[in-house]
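A look at the structure
Okay, here's what each chain looks like letter by letter:
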Amino acid sequence: MNADPASPSLPRPEVLLALLDGTVEASPLLREAAHLAAQSRGTWLAVHLDLARHSLYSRTQEAQLQKQLRLAEQLGAEVIQLEPGISASRQLLALARARQVTAIVLGHRGPSKWWQRLLGTLPDTLLDHAPELRVHLVPLVPERAPLRAWVPEYPGIAQMTSALLVVALATALDFVARPHVDLADLVMVYLLGITFVATRFGRMAALLTSLLCVAALDFCFIPPRFTFAVQDVRHLGTFGVMLGVGWIVANLAERIRAQARMALEREGHASALNRLGSVLAEGGSVEAIRDRVETYLRKELGMPVLVLLSNQHGLPGDADHARRLGPDEWAVAQWALQHAAPAGRGTAALPGARGLFLPMHGTEHPIGVLALFPEDRQAAVEPERQSLLTVLAAQISLALERSHLAEERTEARIHAEEEQLRNTLLSSVSHDLRTPLATITGATSNLLAPGPEADPGDQRMLLTTIHEEAGRLQRLVNNLLDLTKLESGQVKVHKEWVPLDEVVGSVLNRMEEQLAERRLELDLPEVWVPLDPVLFEQVLHNLLDNALKYSPAGSSLTLRAQQSEDHLLLLLSDQGPGIPQGEEERIFEKLYRGTWGPKTTGAGLGLAICRGIIQAHGGSIHACNAAAGGLEIRIALPIEGAPPELPPEGNL
Amino acid sequence: MSSNNPLVLIIEDELPMRRYLRATLQSHGYKVEEALSAEEGRVQARHLVPDIVLLDLGLPDGDGLDLARELRAWTQVPIIIVSARGREEDKVSALDLGADDYLSKPFGSAELLARIRVALRHSAAVAGAVTDPVVEVGGLRMDFSSREVTLAGEIVHLSPNEYALLAALVQHAGKVLTHRQLLREVWGSSVGAQPHYLRVYMASLRKKLEADPARPQLLLTEPGVGYRLKG
């Protein structure tokens with residue numbers, strides 16, 4: 001049997017398309033679409049017609065549509081705007097095909113009107129051309145006040161004056177031209193005037209102008225002249241044409257103006273987004289992005305702006321920003337974050353606040369709140385501004401979320417690397433700890449065992465072994481502690497001016513026993529070096545210890561120093577096997593043990609400690625093969641400044 | 001064991017360490033008493049009147065430093081601090097408080113016995129209050145009455161500060177002296193004195209007294225703590 005990977009009870013993921021026009025309260029439609037999409041684990045698109053296409057859109061409708069779009073975004077929709085000037089149904093069909101839409105959700109507002117029956121409705125058209133689409137109709141209740149109602153904008157004084165002037169000018173021109181031309185030509189001059197007014201001053205002024213033009217034509221040129229009476233009934237038709245043309249031109253002009261306004265606004269949004277994009281593209285830490293965004297928005301919007309970042313418990317009340325806001329405003333910001341809705345000035349929630357708070361949501365968690373403090377009461381309320389801010393907030397949330405995730409990833413990687421190193425260290429160290437312990441346990445049990453008295457020579461040999469192994473344990477534990485302290489940053493370098501031979505002297509003293517059978521050649525200039533005597537002694541000790549381990553018994557070692565202007569170069573060479581090429585840096589790595597040369601005991605910590613200490617001094621340490629053979633370790637220590645002056649002895 | 005063998009009070013909470021100290025000391029003729037805590041040590045020190053105290057700094061019931069300070073308030077008994085390596089600040093504080101010397105764990109029996117011998121010798125000298133006007137250490141001979149210093153019979157010329165520094169070290173030969181103690185000995189309680197001054201005079205002393213200053217045989221450095229004249 002062929003196993004279907006998808007469970008049969010789970011419906012195929014749907015791609016739904018909801019159509020919005022802002023004419024009615026459409027939240028039931030949006031919720032239904034979101035519900036259907038969620039049921040099938042699908043996605044949904046909220047498609048709206050371009051506002052500019054509809055010259056009769058009022059501000060109220062525009063605001064309503066914006067609200068619906070915001071709700072759609074919150075419900076998880078992808079918002080798509082249809083292009084103006086192309087048939088909506090054709091665009092919808094193309095979109096449905098491109099995005100493999102399975103169903104369309106439409107609002108249904110009661111019985112269709114007679115013209116709809118005549119011309120066909122959008123659902124009819126869609127179903128005709130794409131019968132495979134399912135259509136969900138959601139009953140919507142139109143609001144009592146018809147939103148499509150035309151809210152007349154009364155022409156201002158300037159518009160009326162201009163209308164009067166244009167009519168007067170056209171009439172004057174006609175008076176001059178009348179003897180030479182037809183009545184139709186006179187009408188043309190008036191139409192020119194109407195068109196001019198329509199493009200310059202808008203629909204109301206154009207309609208007023210067409211009325212005035214008809215009156216002026218009738219009064220001045222239609223016989224009987226200088227009365228409003230009309231002799232020839234055909235002239236009434238001329239008036240009708242003039243009014244009709246005026247109406248059409250006025251509406252066309254208005255639509256162009258609206259489109260221009262929208263284009264300008266969109267252009268403004270686009271360039272604002274563009275600039276934000278370049279601000280965000282710089283990346284960096286969450287805090288760095290926040291600071292840059294604040295600076296950018298302050299400049300862009302001309303008002304104080306704060307970006308409040310939230311953690312998993314909400315907005316942290318102890319942050320610097322929270323203190324700057326004050327408890328009341330901070331509470332409003334918290335509300336906005338919790339309810340994922342704008343709050344504060346100019347919104348429905350807590351409008352008494354001084355600031356406007358826009359929540360920023362990432363794909364999974366809330367990111368924070370954008371707090372704006374407009375100077376005057378109106379500035380933040382304009383719907384265009386609101387929509388721009390919403391888009392900006394979305395972009396900022398995404399960038400912040402990305403940066404946050406990147407930080408988390410880096411942390412996780414570092415954590416994993418540390419874990420890896422810890423495991424290696426643990427396994428290596430546990431081996432190095434167990435070996436001497438096993439030897440000591442074995443040797444002591446032998447010495448303690450009842451039985452025939454052992455040979456005194458053997459006894460001594462066992463005791464020597466115990467002593468040596470204990471020393472080895474001691475070194476390992478010391479190195480481990482040193483390295484742990486170095487790596488955790490607990491080690492503070494206390495630089496003091498010290499004569500080089502004093503530091504070398506104290507190490508040689510400490511290693512007297514070990515060095516007894518070796519010849520150590522010293523070539524040290526009389527020089528004062530700024531270093532931490534305790535730490536540096538540790539470096540020399542580890543290096544000498546290493547040189548003793550890796551060079552044949554009885555061979556000699558050389559320790560030389562050269563002073564340059566701002567550096568001390570310290571060179572320690574042995575007569576051992578040297579170092580294979582390519583291993584020069586690796587020997588300073590933690591837990592790295594050379595595979596060449598004599599088999600030695602050590603956890604590979606000594607040189608790592610040396611490098612840590614030298615680097616903490618601002619110096620460098622390298623290894624190479626000496627010209628005469630053997631390994632040479634080179635330490636460069638910076639010498640900055642000069643040792644303090646000593647007062648003359650008598651005055652001390 | 002004769003009754004005038006010196007009595008050592010060991011204040012140490014670790015049993016293996018106490019065993020080791022007891023075994024080593026008893027086999028070298030010392031009498032040994034043990035205290036397992038700071039409190040017990042305080043009581044024992046009053047009751048037993050030991051000749052020398054070995055004090056571990058890491059005691060379970062209190063800071064060894066506090067105990068050292070307390071003991072020093074009423075007795076001049078030599079105190080040798082026993083502590084782990086890498087705690088240089090603790091050692092310096094203990095020495096500045098009046099402890100006589102320190103031993104870094106782990107230490108061998110030779111080192112332990114040498115320190116105890118030096119400390120006992122100094123306490124005897126202080127008790128006798130008669131300082132020998134001539135002290136000889138190695139090839140170095142220092143005559144405090146004539147202020148003359150000779151090395152292998154040759155007269156060494158020292159500046160006043162060098163002399164004061166050497167005198168301090170010679171008087172406490174074998175014992176570590178902290179930077180602060182030496183600064184006080186040489187320059188009094190002068191505020192401006194820094195460890196750097198010490199290093200400068202130490203370097204010039206070594207040039208005059210040591211064959212190879214990088215392999216000192218006499219004037220030893222205790223890194224992070226101070227100096228010691230090999231005694």
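Relevant structure appears above.
These figures come from a predicted structure and were not determined experimentally. (Residues numbered from 1 in each chain as written. Chains lettered and ligands numbered in written order. Predicted model: local features only at pLDDT ≥ 70, side-chain atom pairs only at ≥ 80, totals over all residues.)

Of regular secondary structure, chain A possesses 18 helices and 16 strands. Considering chain A as a whole, with its 652 residues, one finds that 30% of them fall into the buried category. Contacts in chain A between residues at least 24 apart in sequence constitute 68% of all its contacts with a sequence separation of at least 6. (Helix = DSSP H or I, 4+ residues; strand = E, 2+ residues; numbered from the N terminus. Buried ≥ 20, exposed ≤ 12 C-beta atoms within 10 Å, placed from the backbone. Contact = placed C-beta atoms within 7 Å.)

This brings us to the interface of chain A and chain B. Taken together, the contacts link 24 residues of chain A with 22 residues of chain B. For the side of chain A that touches chain B, the secondary-structure elements that each account for two or more residues are helix 14 (456–487), strand 10 (496–499), helix 15 (500–510) and helix 17 (533–550) of chain A. Sort the elements by how many residues they give to the side of chain A that touches chain B and helix 15 of chain A lands first, with seven residues. Grouping the amino acids of the side of chain A that touches chain B by side-chain chemistry returns 14 nonpolar, five polar and five charged. (Nonpolar A, V, L, I, M, F, W, Y, C, P; charged D, E, K, R; others polar.)

Geometrically, a packed helix pair is captured by the angle between its two axes and the distance between the axes. All names here are of chain A. In contact at an axis separation of 10 Å, helix 9 (residues 234–281) and helix 10 (residues 286–301) are set at 155° when each is read in the N-to-C sense. It follows from the interaxial angle that helix 9 and helix 10 lie roughly antiparallel. For the pair helix 9 and helix 10, the sense of crossing is right-handed. In contact with Ala-272, Arg-275, Leu-276, Val-279 and Leu-280 of helix 9, helix 10 contributes Ile-289, Arg-292, Val-293, Tyr-296 and Glu-300. Its residues placed into classes, the contact of helix 9 with helix 10 shows seven nonpolar, no polar and three charged. (Axes fitted to C-alpha atoms, helices over the stretch in contact; angles between N-to-C directions. Parallel < 35°, antiparallel > 145°, perpendicular 65-115°, else oblique. Left-handed = near helix turned anticlockwise from the far one by under 90°.)

Residue and element names in this part refer to chain A. Pairing of strand 15 (residues 620–625) with strand 16 (residues 631–638) involves six bridges; the strand directions are antiparallel. Residue pairing for strand 16: Cys-624 is matched across the bridge by Glu-632. The turn joining strand 15 and strand 16, which pair antiparallel and follow one another in sequence, is formed by five residues; a positive phi near 90° is taken by Gly-629. (Pairing = 2+ DSSP bridges.)

We now examine the environment of Leu65(B). Residues and elements named next belong to chain B. With respect to the helices and strands, the residue Leu-65 is situated in helix 3 (residues 64–74). Overall, the presence of 16 C-beta atoms within 10 Å leaves Leu-65 in the partly exposed class. On a C-alpha basis, the gap between Leu-65 and Leu-95 in space is 9.5 Å, while along the polypeptide they are 30 residues apart.

Bringing the sheet that holds strand 9 (residues 140–143) of chain B into the picture now. Residues and elements named next belong to chain B. Pairing in this open sheet of four strands is antiparallel, and the strands run 8-9-10-11 from one edge to the other. In the strand order of this sheet, the two ends are held by strand 8 (134–137) and strand 11 (154–155), each with one partner. Inspection of the sheet shows strand 8 paired to strand 9 by four bridges, in the antiparallel sense. Along strand 9, the bridge assignment pairs Val-134 with Asp-143. Sheet strands touched by helix 6 (residues 160–171): strand 8, strand 9 and strand 10 (148–151). Its angle to strand 9, the strand with the most contacts, is close to 105°.

Residue and element names in this part refer to chain A. With respect to burial, strand 8 (residues 356–361) is a largely interior element, five of its six residues being buried. As paired strands, strand 7 (residues 343–344) and strand 8 are joined by two bridges and run antiparallel to one another. Considered in strand 8, the bridge of Gly-344 is made with Leu-356. Pairing of strand 8 with strand 9 (residues 366–372), which is carried by six bridges, proceeds in the antiparallel orientation. Bridged to Leu-358 within strand 9 is Leu-370. Taking the residues between adjacent antiparallel strands as the criterion, strand 8 and strand 9 are bridged by four residues.

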